[in-house]
Amino acid sequence: MANYKEIIATYKDKPGGIIEAFHAIQKEFNYIPEEALREAAKAFGLSEAEAFGVATFYSYFSVKKRGKYIIRVCTSAPCMVAGGDKLLEALENYLGIKLGETTADGRFTLEATECVGQCQGTPVITINGKPIPEVTPERIPEILSSYK
Amino acid sequence: MITLTVDGKQVQVPEGTMLLEACQLAGADIPTLCYDPDLKRVGSCRMCVVEVEGRPGLVASCVTPVANGMIVHTESPRVVEARKVILELLLARHKLECHTCEKNGNCLLQDYCYRYGVTTSRFSGEMPKFTKEDPNPFIERDYDKCIMCTRCVRACEQITGAKAISVAYRGHHAKIATAFDGNLADSTCAFCGQCLMVCPVGALTSKLSKGKGRAYEVEKVRTICPYCGTGCTIELNVKDNKVVGVTSVRDEELSPVNKGALCVKGRFGWDFINSPERLTTPLIKENGEFREASWDEALDYIAEKLKAIKSEYGPDAIAVFSSARATNEENYLIQKMARAAIGTNNIDHCARL
Amino acid sequence: MAQEMRILLKHADQINPESAEDYIRVGGYKGLEKARGMDPRAVIEEVKRSGLRGRGGAGFNTGLKWSFVPQDIEPKFVICNLDEGEPGTYKDRIIVEKNAQAVLEGMAICGHAIGSKKGYIYCRGEYPHLVQLLNKAIASAKACGVLGDFDIEVRMGAGAYVCGDETALIESIEGHRGNPRFKPPFPGVAGLWGKPTVVNNVETFACLPYILVNGADWFAGIGAPNYPGTKILTLTGDVVNRTYVEVPTNVTLREVIYELGGGIRGGKKLKAVQVGGTSGAFISPEYLDTQIDFDSMASISATLGSGAIFAIDETRDIVEIVTRISRFFEHESCGQCTPCREGTFRTREIMERISSGKGSIQDLKNLELLGKVMKDTSLCGLGQAAPVPILTTLKNFGHEYKRKLI
Ligand SMILES: Cc1cc2nc3c(=O)[nH]c(=O)nc-3n(C[C@H](O)[C@H](O)[C@H](O)COP(=O)(O)O)c2cc1C
Ligand code: SF4
Ligand code: SF4
Ligand code: SF4
Ligand code: SF4
Ligand code: FES
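The numbers attached to residues start from 1 for each chain and follow its sequence in the written order. To read the labels, note that chains go from A and ligands from 1, taken in the order they are written. Only residues with pLDDT of at least 70 get local features here, since the model is predicted, and only at 80 or more are side-chain atom pairs given and counted; chain-wide, interface and lining totals rely on the full set of residues. By convention in this description, side-chain values take in all heavy atoms of the structure and omit both hydrogens and water.

This brings us to the overall build of chain C. Within chain C one finds 17 helices and 11 strands. With respect to the three principal axes, the spread of C-alpha positions in chain C is 70 × 50 × 35 Å. Each residue is assigned to one of three classes by its accessible area relative to the maximum for its type, calculated with a 1.4 Å probe on protein chains only: buried under 20%, partly exposed between the two thresholds, exposed over 50%. Out of the 406 residues in chain C, the part that is buried amounts to 68%. Per-residue accessibility takes into account occlusion by the displayed protein chains alone, with areas from the Shrake-Rupley method and a 1.4 Å probe. For chain C, the exposed area adds up to about 13,100 Å²; of that, 52% sits on carbon and sulfur atoms. Positive charges are assigned to Lys and Arg, negative charges to Asp and Glu, while His and the chain termini are left out of the count. By convention, the charge on Lys lies at NZ, on Arg at CZ, on Asp at CG and on Glu at CD. Taking the average location of the 48 positive side-chain charges in chain C and that of its 48 negative ones, the two points are 3 Å from each other. For helices the rule is a DSSP run of H or I covering at least 4 residues; for strands it is a run of E covering at least 2, with both sets numbered from the N terminus onward.

Time to look at the site of ligand 1. Residues and elements named next belong to chain C. Whether a residue is near a molecule or strand depends on its heavy atoms: it is near if one of them lies within 4 Å of it. By nearness alone, 19 residues border ligand 1, and Gly56, Glu166, Asn200, Asn201 and Thr204 come closest of all. Between an oxygen atom of ligand 1 and a side-chain N or O atom of Asn201, the distance comes to 2.6 Å. The separation between an oxygen atom of ligand 1 and a polar side-chain atom of Thr204 is 2.7 Å. Taken together, the elements giving at least two residues each to the shell around ligand 1 come down to strand E4 (197-201) and helix H15 (381-385). Each residue is assigned to one of three groups, with Ala, Val, Leu, Ile, Met, Phe, Trp, Tyr, Cys and Pro labelled nonpolar, Asp, Glu, Lys and Arg labelled charged, and all others, Gly among them, labelled polar. Residue composition of the shell around ligand 1, grouped by class: three nonpolar, 10 polar and six charged. Each polar contact in these results corresponds to two N or O atoms within 3.5 Å; when the atoms are within protein, one needs to be able to donate a hydrogen and the other to accept it, and residues that are neighboring in sequence are counted only if both atoms are side-chain atoms.

As a further point, take the site of ligand 4. Every one of the 14 residues lining ligand 4 counts as a neighbour, but B:Cys146, B:Cys149, B:Thr150, B:Cys152 and B:Cys199 are closest to it. When grouped by side-chain class, the residues that make up the shell around ligand 4 number 12 nonpolar, one polar and one charged.

With 13 residues of chain A in contact, the opposing surface of chain B contributes 13 residues. The term buried area means the drop in 1.4 Å probe accessible area that two parts suffer when joined, counted for both and summed. Among the residues of chain A in contact with chain B, A:Ala49, A:Phe52 and A:Phe57 are the three that bury the most area, contributing 45% of the side total. Whenever Lys or Arg places a side-chain nitrogen within 4 Å of a carboxyl oxygen from Asp or Glu, that contact is recorded as a salt bridge. Inspection of the chain A/chain B interface yields one salt bridge. Across the salt bridge formed by A:Glu50 and B:Lys163, the nearest N and O atoms sit 3.7 Å from each other. There are four residue pairs in polar contact (both at pLDDT 80 or more) connecting chain A and chain B. Breaking the side of chain A that touches chain B down by element, the ones donating at least two residues are helix H3 (34-43) and helix H4 (48-57) of chain A. Residues count as neighbours in contact if any of their non-hydrogen atoms are within 4.5 Å of one another.

As for its placement among the helices and strands, C:Val373 is situated in helix H14 (residues 361-377). In this structure C:Val373 touches B:Glu81, B:Ala82, B:Val85 and C:Ser378, once residues within four positions along its chain are discounted.

Time to look at the interface of chain C and chain A. Taken together, the contact pairs 45 residues of chain C with 32 residues of chain A. When the area that chain C buries against chain A is broken down by residue, the three leading residues are C:Ala158, C:Arg242 and C:Arg324, summing to 19%. Where chain C packs against chain A, one counts two salt bridges. A salt bridge links A:Glu114 to C:Arg324; its shortest N-O distance comes to 2.8 Å.

Attention now moves to the sheet that holds strand E3 (residues 125-127) of chain A. Within a beta sheet, neighbouring strands are joined by backbone hydrogen bonds and run either parallel or antiparallel to one another. Residues and elements named next belong to chain A. Paired strands, as defined in this entry, are two strands with at least two bridges between them according to DSSP. Sheet architecture is open: four strands sit in the order E2-E1-E3-E4, paired in mixed fashion. Edge positions in the sheet fall to strand E2 (108-113) and strand E4 (130-132), since each of these pairs with one other strand and no more. Averaged over all pairs of adjacent strands, the angle between strand axes in this sheet comes to 25 degrees, irrespective of strand direction. Here an axis means a line fitted to C-alpha atoms, over the contact stretch when the element is a helix, while the angle between two N-to-C directions is reported on a 0 to 180 degree scale. Helix H5 (residues 77-95) rests against strand E1 (69-74), E2 and E3 of the sheet, and its axis sits at about 145 degrees to E1.

Residues and elements named next belong to chain C. As a packed pair, H14 and helix H16 (residues 388-396) sit with axes 9 Å apart at the nearest point and diverge in direction by 135 degrees. Between H14 and H16, the crossing angle belongs to the class labelled oblique. Read as a crossing pair, H14 and H16 show a hand that is left-handed. Residues Leu364, Leu367, Glu368, Gly371, Lys372 and Lys375 of H14 lie in contact with H16, whose contacting residues are Ile390, Leu391 and Leu394. Tallied by class, the residues present in the contact of H14 with H16 amount to five nonpolar, one polar and three charged. Between 65 and 115 degrees an angle is taken as roughly perpendicular, under 35 as roughly parallel, over 145 as roughly antiparallel, and anywhere else as oblique. Left-handed describes a crossing in which the near helix is turned anticlockwise from the far one by less than a right angle; the clockwise case is right-handed.

The next point concerns the pattern of salt bridges. Residue and element names in this part refer to chain C. Under the definition given, this model contains 69 salt bridges over all chains. Notably, a salt bridge pairs Glu166 with Lys65, separated by 3.9 Å at the nearest N-O pair. With a gap of 101 residues between them, Glu166 in helix H7 (residues 166-173) and Lys65 in helix H4 (residues 62-67) connect regions that are remote in the sequence. The class of Glu166 is buried, set by a relative accessible area of 19%. Lys65 gets classed as partly exposed once you look at its relative accessible area, which sits at 22%.

With that settled, the discussion passes to the packing of aromatic side chains. Here a pair means two rings of Phe, Tyr or Trp (six-membered ring of Trp) with centres within 6.5 Å. Their orientation is stacked below 30 degrees between planes, edge-to-face above 60, and tilted elsewhere. Overall, the coordinates contain 21 aromatic pairs over all chains when judged by the stated rule. The interplanar angle of 75 degrees and the centroid separation of 5.1 Å between the aromatic rings of C:Phe328 and C:Phe329 together place this pair among those described as edge-to-face. For the pair C:Phe328 and C:Phe329, a shared accessibility class is recorded, and that class is buried. Within the aromatic cluster, the residues linked to one another by ring pairs are A:Phe22, A:Phe57, A:Tyr58 and A:Phe61. Just above the ring of C:Tyr227 sits the side chain of C:Arg55; from NZ or CZ to the centre is 4.5 Å. Two thresholds decide whether a charge sits over a ring: the Lys NZ or Arg CZ must be within 6 Å of the ring centre and within 35 degrees of the ring normal. Across the ring face of C:Tyr120, the terminal group of C:Lys118 is positioned such that the distance to the ring centre comes to 4.9 Å.

What follows concerns the pairing of E4(C). Residues and elements named next belong to chain C. The element E4 is extensively covered by neighbouring structure, given that five of its five residues are classed as buried. Note: strand E1 (residues 77-82) against E4, five bridges, orientation parallel. Among the inter-strand pairings, Phe77 is bridged to a residue of E4, identified as Thr197.

Spelled out as structure tokens, the structure:
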């Protein structure tokens, strides 16, 4: 956890830039570690309580450690009617974890998301932010095999 | 000036006045939960909604500026129905235990439910389970009674400046929390208790006064906090001739120095009054042991010693250290004694406890 | 046969959206040039006269909104709303992917009109690729010198639908929780960092270059007179073509679903269509001949909203779908005001109860009452719109609820 200070320093002069800094921290660590949150609060002149309030407001930020790859399954209505619910179930079974959990090897975390704006290809999942359209339960092994 | 009609009564108020104040001027009693005269308005509890003719929805009176010709109804059936539903929604998340609650009789949720005849909630379902023990000596945090008015957060920031707490998480999971949702003692909390002062319900209460009597059982004696020279107004809560708590007075006229704000000593440091360890007579140390003495004996003893030191080493061998807990008059007298009776300028005091 | 009418997306896939040169080659930045030759007041008048109304959902006249901005307060800000959180909507993403420069040009036109030198684009966290695209597009436009002294910065959201609300969006740019502010004051008067701020939708901005170049009258003559121009719609659910289309605003829902959308999959019958995204009303097929423009939708108690068209066929369980939608609002409520924070939670509970066959007639009554009060008392549009899908399906598809009661 060497460089969260450097990351924060790059955004420090942006007014209101704590959210940008959180994004950058998450890109590095996949979550916002406690020390990084404290440091960001200081850099942006927020109290730690406030910074924690900001971090926990946004669904894409996590203050808890997560897996290397974060799989999000869209559960909004357009994806739901296109088979999103079954897809989620299939993912849970395939990974052997429930929604919100991380696989024992620390590789995958499974989360639900609301619409990711890729509705031409429902149902959609995203892996570390990258949308993958028209996912069927059958395609899961093939898709996940490229995430080592 | 703006002229508007509230419940059939015409009132005139300066431009920029909020509807809440205009309605109050017209004699309307508007229920409010998140509104606090000393804090920035957030307009979020929606208890203060009123009906303004021509507006599509109800408006939150505490944050809606008046406009000329407004026709306002503060207790129309639509308003009453909305307030009832809001109260029922709050009840549905509220650990209702008025029978043992410290705030029974001094609780806005209780008052408004009484006023609108809300006995149970049509929306009851899952209850929050926020509460966990916060091991600190002063403040009981029971967020299962919290109605999320955020007054405590604003008081902590805007009155005390400690910013120990904030709203964390989102939506129905939102709760009042310190950084990392931990204990107050690990935060920047100064235990001033301003949060507890503004909390309209029983979510924040004093651990020290717990079980010692509700607001209506105690006699409130207004006095000045004895701890430091700031001179904050406090109210001793007295029951059966015993001090069972301290509250503060938020009225600026009655509490000009602090307007209700206190520090940890003023608000929570009163239990010494009934402490069995408290000294009630002077003690004189002889052969390493204290023994009780009368005031006359003790004062003679001190005078003799001071005289002896002064004649042997001169007055500047003596220094007088007075207390910030003493009043101005007492401090004046002790410096007079130092300078005139003893003859030294070695006089100082502890600036603050 | 209804046809697409492509104005904003005319050069889709023919130009590189990152490249200002490409855009200039097809006539880009002429609108800004023209605007800069005009008095700012005259630009606002022109936009007002075009009849352009906000494409972000509220349908407010754009020129009129700009005219409320006080001139004597500095600095002023222009914000482009690319939060696009309404489920089933991706038209702003398409506009940026196909024609990003038009959005930048529109923002600069607004900057000239209101006297602002600084623009922000607030891009939802789900679109990181657009942040990259936009940064390159801005760099390209700057390199060409077309933006002049107007600066644009991209900020990213982080998964909060409520940040699409202009005041929550402003809070988020300021680095706070995305809690909507009460209004007044409106952003036009006191917005970002308390300064006058115009917030418009991506599509609204993208219309501006074409209005300036071709004139207000040209724009006002397209589509429905009260809501002129084109609208980009995104079709989801059980339509054959799950795709996006740009159409004049006077096409009907029937034309959109059956002609452009290719009808319902598997030759099934349409049960209902939800227009405007998840917070929109569910419309029954008898209203299919209504035009999609804002006022026509309003006349059947619906909203055009973001322009999402979600069609469901006769086999779908509408109660289940609305239950799913109620979960969306529970998840996305900012939690600030009582009716929405508590109301979205309780409606989800009640909907789940009904959907799983455990609901009672009293639950229906409670839903209706709660929905009414949420609409009436919530602080922002989220809480006010959250009950709409429930209330409209209770009204139009009440039998589907009753069938499930105990
Ligand atoms: C909960 C909520 C979500 C919203 N989401 C969006 C959005 O994603 N995009 C958008 O342009 N406007 C959205 N709006 C509307 C904005 O508040 C604002 O009216 C709009 O950006 C103004 O732009 P326009 O006049 O060009 O439509 C939302 C409003 C609310 C209440
Ligand atoms: S907080 Fe008020 S309503 Fe709640 S239990 Fe205590 S007295 Fe009763
Ligand atoms: S006791 Fe004072 S410092 Fe501590 S949380 Fe309450 S208001 Fe803030
Ligand atoms: S603890 Fe009390 S003051 Fe704080 S939000 Fe809850 S009810 Fe309001
Ligand atoms: S209506 Fe909902 S989203 Fe809007 S302010 Fe209230 S709680 Fe937040
Ligand atoms: S008192 Fe007005 S909204 Fe709370």
